[in-house]
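Chain by chain, the residues:
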Amino acid sequence: MEKPTEFPILPILPLRGLVIFPNMLLHFDVGRKRSVAALNAAMKQDQMIFLVAQQDVREDEPDASRLCSTGCVAQIRQVLQLPGDVYRVFVEGISRGVTLEIKDGKKYLSGAIRTLAEHKSRAPKMEREALTRRLREAFGQYAMVAPKLPPE
């Protein structure tokens, strides 16, 4: 069972078509005004931000009800400003999290985030190894048909 470890208030950045997991490094572009405001707020505090997928990728400005409740607490490693008020952000996923409460401010979304401790599998070692092998094979098949998949 997962146990809550803390309840920080973090800026929330909705992601379109992206998901980040703990221990994952990812870069992506941010251009929406509310997302840029959330990014700036995180940079002024402790460079921590809550990244969460939005339910409909076609929405330009999703409200709190249109976001997934589970996401990833991430640390912002680098921000580069690109032409046209677009920022390229490099983040590292720290831990999974769940929104407890979301405040829909005028500039950006923020909320109380319950971070979740990772749990260890109780499956026997041979079963875990077999599942890992099957997962790698399935991902290898996916990678062969996904033309825009980065090599890493």
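Refer to the preceding data block for the structure.
Residues numbered from 1 in each chain as written. Predicted model: local features only at pLDDT ≥ 70, side-chain atom pairs only at ≥ 80, totals over all residues. Heavy atoms only, no water.

*Asks:* I'm lost on a nonpolar patch on the surface in this one. Help?
*Replies:* Side chains of Phe 139, Tyr 142, Met 144, Val 145 and Leu 149 sit close together on the surface and give an oily, nonpolar patch of about 560 Å² of accessible area. Position of Leu 149 among the secondary structure elements: in the segment after α2 (125-145). (Patch = residues over 30% accessible without salt bridge, like charges linked within 9 Å, V, L, I, M, F, W, Y side chains within 5 Å. Areas by Shrake-Rupley, 256 points an atom, 1.4 Å probe, with all protein chains shown as cover. Salt bridge = Lys/Arg side-chain N within 4 Å of Asp/Glu carboxyl O. Helix = DSSP H or I, 4+ residues; strand = E, 2+ residues; numbered from the N terminus.)

*Asks:* Whenever I open this one, the pairing of strand β3 (residues 48-53) confuses me. Can you help?
*Replies:* Both faces of the sheet carry side chains from a regular strand, because those side chains alternate between them. When you tally the buried positions in β3, you get 5 out of 6 residues, the bulk of the element. Here 4 bridges tie β3 to strand β4 (residues 70-82), and the two strands are oriented antiparallel to one another. When the sheet's bridge partners are listed, Ile 49 is paired in β4 with Ala 74. (Buried < 20%, exposed > 50% of the residue type's maximum accessible area, 1.4 Å probe, protein only. Pairing = 2+ DSSP bridges.)

*Asks:* Even after reading the chapter, I still don't get the packing of aromatic side chains, so can you show me in this structure?
*Replies:* Aromatic rings in a pair are described by how distant their centres are and how their planes are angled relative to each other. Scanning all chains against the criterion turns up 1 aromatic pair. Seen in terms of ring centroids, Phe 139 and Tyr 142 are 5.9 Å apart; in terms of plane orientation they differ by 45°. Their pairing is tilted. Placement of both Phe 139 and Tyr 142 in helix α2 is noted, with a separation of 3 residues, approximately one turn of the helix. Given a relative accessible area of 47%, Phe 139 falls into the partly exposed group. (Phe/Tyr/Trp six-rings, centres within 6.5 Å; stacked < 30°, edge-to-face > 60°.)

*Asks:* Please explain the nonpolar core as it appears in this structure.
*Replies:* One recurring pattern in soluble globular proteins: nonpolar side chains tend to sit buried together. Core analysis: the largest hydrophobic core is formed by 18 residues, its most contacted members being Phe 28, Ile 49, Leu 51 and Val 91. Counting residues per element, this core draws most heavily on helix α1 (residues 33-44), at 4 residues. In this structure, Leu 51 is in contact with Leu 13, Leu 15, Ile 20, Phe 28, Gly 71, Cys 72, Ala 74 and Val 91, ignoring residues within four places of it in sequence. (Core = buried A, V, L, I, M, F, W, Y, C linked by side-chain atoms within 4.5 Å. Contact = heavy atoms within 4.5 Å.)

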